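Inside the fold
Below are the chains, spelled out letter by letter.
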Amino acid sequence: MQAAFIIALLVVPVFLLIISTQTTDELNYLDNFWYLNRARLIWQGILPDLFVYTLTYPSLVGLVNLFVADVLLAGMLTNAFLLWCILLGVYLLGCWLYKDRRVAWLAVTLVLVNASLLDTLRLFWATVSFTAATVWCLVAAVLVTRQPRFGTAVLFGAVLALAVYTRVEGVTYALFVPATAWLIFKQQGYRAALRALITTSVVFAVLCLPFALNFLYIRNNINAELSTAVTGVFTLLDRTPVEWPVIWRRVTDTLTGLLSHWSTLAWLIGIAGLLWSTPRYRTAQWICAALIVLNLLYSFLLSIWPYPIHVIFYLPLFGLILASTLIQLTERGRWSRRLAVVLLIVLLVPNLQYAGRRAVEVPVMAYRTSASAATGAALDGWLVEQGWYEQPIYTFCDSILSFSHARLQLIYRLQFATGWDTPEHLLPRLWAENALLMVCGNQVYFPDWRPLLQQATPSGLVEAGRFENFVFYRPDEAN
């Protein structure tokens, strides 16, 4: 309990740094607007067809948004909470897996100041939540191995299911179940192992059933194209001829992503710690290393593309390996202790310098006074005047979504074409919901919509109003 409170205090300055140095470009970076729009709509009961996909993060942000009524602030608070979850999980692994509080606190420190994690906390993606899920899957596995009871087995199954709802790659963590059962069997016999195996498997299967059913429904009823967002490298292998150069590039990019989140020095120290670890820490070191390899495999096999952002989930685990290596170095003699201190300083200083530069160079909360924020507020005022503020509005205008509080719903397919967002399906929905369609300039990025909206008078639609570069359409009653 005391450690949880101390870690919460450590998270506060990081949260303040993030909220004060966030920029408008970062807020509008790639999928941010999609996750935040889902977060706003999800607690209004508005769900996309494939609602289970990365459900955890927008659900958390949306829940916080119910209390703060500011989806940007809700995203930042959620990321701060997830950082706390990551650090607390790292601490528990240091205590339970490594059985050394020194490793626990040093790993917490190394992970807390990591520059890559700091940058990731600025994104409103499922990345931070899945990093937390990765850590807590291992925490739950260690707990059920130490105490193979009904309650710990239920918790283990629930955490594994949560990982699946966080990112679809979380299904690979089901491999933890037979692994933990084997460890329990070696320690306490087949009965305890069998009870834990059955309980965890049943809980995991029951909780993942809605996920599987939703995917099957989309696959069979809507004939969705799941693309590489689910099938990853298997899509490339299914093509004729097989695109081996692309597959090889996935290999090299996976390794590049792996190496990008820690310095070269950190990797050398960590690898040395794996190769020359003392018996006390060896098992824990290789367990973390095995989970890092598993992360690499699913990043290579299942991710849309193994960008660094898709390979970051291992970061806290390597922090434990690194911390354990430095602690072992301090136990080898006086000069080794001094070397460990020097190495620690060399590891920490660049990350602290990066955070310091952000704090000094980026204007405080500049996004609050940005042109996008002013446009969002003006748009909301105009919608109130028109009586459309509470009316559903479908739109392609992603850059305004996070700065408007109106009922805007993004037309965004990500990697899934589930059918509802085609003109053939959405135009009848506009009529049924008494909804509007809002477009702005050339922000129409789907080929099937472009021919329709490039017309002076789109077929089936009639212009309802204009505000600045935002054009509003409603279904043509004549049709």
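All values reported here derive from a predicted model rather than from experimental measurement. (Residues numbered from 1 in each chain as written. Predicted model: local features only at pLDDT ≥ 70, side-chain atom pairs only at ≥ 80, totals over all residues. Heavy atoms only, no water.)

1. Observations concerning the state of the cysteines
Selection rule: Our working definition of a disulfide is a cysteine sulfur pair at a distance within 2.5 Å. The numbering of helices and of strands both runs from the N terminus, where a helix is a DSSP run of H or I of at least 4 residues and a strand a run of E of at least 2.
Applying the stated criterion across every chain, the model contains one disulfide. The disulfide partner of C397 is C440, and the S-S distance across this bridge is 2.2 Å. On the S-S bond that ties C397 to C440, the torsion sits near -140°, and the link is left-handed. Separated by 43 residues along the polypeptide, C397 in the loop between β1 (393–395) and β2 (408–410) and C440 in strand β3 (residues 436–440) bring together distant segments of the chain.

2. Section: the pattern of salt bridges
Rule in force here: Any Lys or Arg side-chain nitrogen located within 4 Å of an Asp or Glu carboxyl oxygen qualifies as a salt bridge. Each residue gets one of three labels from its accessible area relative to the maximum for its type: buried under 20%, exposed over 50%, partly exposed in between, using a 1.4 Å probe on protein chains only.
Taken as a whole and assessed by the stated rule, the structure comprises six salt bridges. The shortest N-O distance in the salt bridge between R280 and D100 comes to 3.5 Å. One end of the pair, R280, is in helix α16 (residues 279–301); the other, D100, is in the loop between α5 (71–96) and α6 (101–112), and 180 residues separate them in sequence. A salt bridge links E169 to R167, with the nearest nitrogen and oxygen atoms 2.7 Å apart. Accessibility assignment for this pair places E169 and R167 in one class, buried.

3. Quick look at the nonpolar core
Note that soluble globular proteins tend to have their nonpolar side chains buried in a common cluster. Rule in force here: Throughout this description, the term nonpolar core refers to a set of buried Ala, Val, Leu, Ile, Met, Phe, Trp, Tyr and Cys residues connected via side-chain atoms within 4.5 Å. Residue contacts follow a heavy-atom distance rule, with two residues in contact if any of their heavy atoms lie within 4.5 Å.
Counting residues in each nonpolar core, the largest one holds 141 residues, and the members touching the most others are Y173, F176 and F472. By residue number, the principal contributor to this core is α5, which donates 16 residues. Non-local contacts of F176, meaning those with residues more than four positions away in its chain, are made with C137, L138, A141, F156, L160, L291 and L294. Residues L426, L430, A435 and V439 belong to the second largest nonpolar core, which totals 14 residues.

4. Some remarks on the confidence of the model for the protein chain
Cut-off, in case you're wondering: Each residue carries a pLDDT value, the predictor's own confidence for that position, ranging from 0 to 100.
Averaged over all residues, the pLDDT of the protein chain is 84; the fraction at 70 or higher stands at 90%. Looking across the protein chain, the model is least confident in helix α12 (residues 227–231), with a mean pLDDT of 45, and most confident in α6, with 95. For residues 224–230, every residue scores under 50 in pLDDT, and the model assigns this stretch 28 contacts once sequence neighbours within four places are set aside.

5. Description of the pairing of strand β5 (residues 470–475)
For clarity, the threshold we go by: Strand pairing is assigned whenever DSSP identifies at least 2 bridges connecting the two strands.
For β5, the tally of buried residues reaches five of six residues, placing the bulk of the element in the interior. Pairing geometry for strand β4 (residues 461–467) and β5, over six bridges, is antiparallel. By the bridge assignment, R466 is partnered in β5 with V471. Hairpin connection from β4 to β5: two residues lie between these consecutive antiparallel strands, with E468 at a positive phi of about 50°.

6. What to know about the packing of aromatic side chains
Heads up, the rule is: For this analysis, a ring pair means two rings from Phe, Tyr or Trp (six-membered ring only for Trp) whose centres lie within 6.5 Å, classed as stacked if their planes differ by under 30 degrees, edge-to-face if by over 60, and tilted for the remaining angles. Note on criteria: charge over ring means Lys NZ or Arg CZ within 6 Å of the ring centre, with the direction from the centre no more than 35 degrees off the ring normal.
If you walk through the whole model with that rule in mind, you get 18 aromatic pairs. Among the aromatic side chains, those forming a connected cluster through ring pairs are W34, Y35, Y53 and Y57. Cation over ring: R338 sits above W335, and NZ or CZ is 4.7 Å from the ring centre.

7. Thoughts on the side chain of Q391
Considering the arrangement of structural elements, one finds Q391 in the loop between α19 (371–386) and β1. Apart from residues no more than four positions distant in its own chain, Q391 is found in contact with R407, N434, A435, L436 and R474.

8. Let's talk about the pairing of β3
For β3, the buried fraction is high: five of the five residues fall into the buried class. Across the two faces of β3 the burial is the same, with L436, M438 and C440 and L437 and V439 all buried. In the sheet, β1 pairs with β3 via three bridges, with the strands oriented parallel. Counterpart to Y394 in the pairing with β3 is L437. As paired elements, β3 and β5 share four bridges and run antiparallel to each other. Bridge assignment links L437 to a residue of β5, and that residue is Y473.

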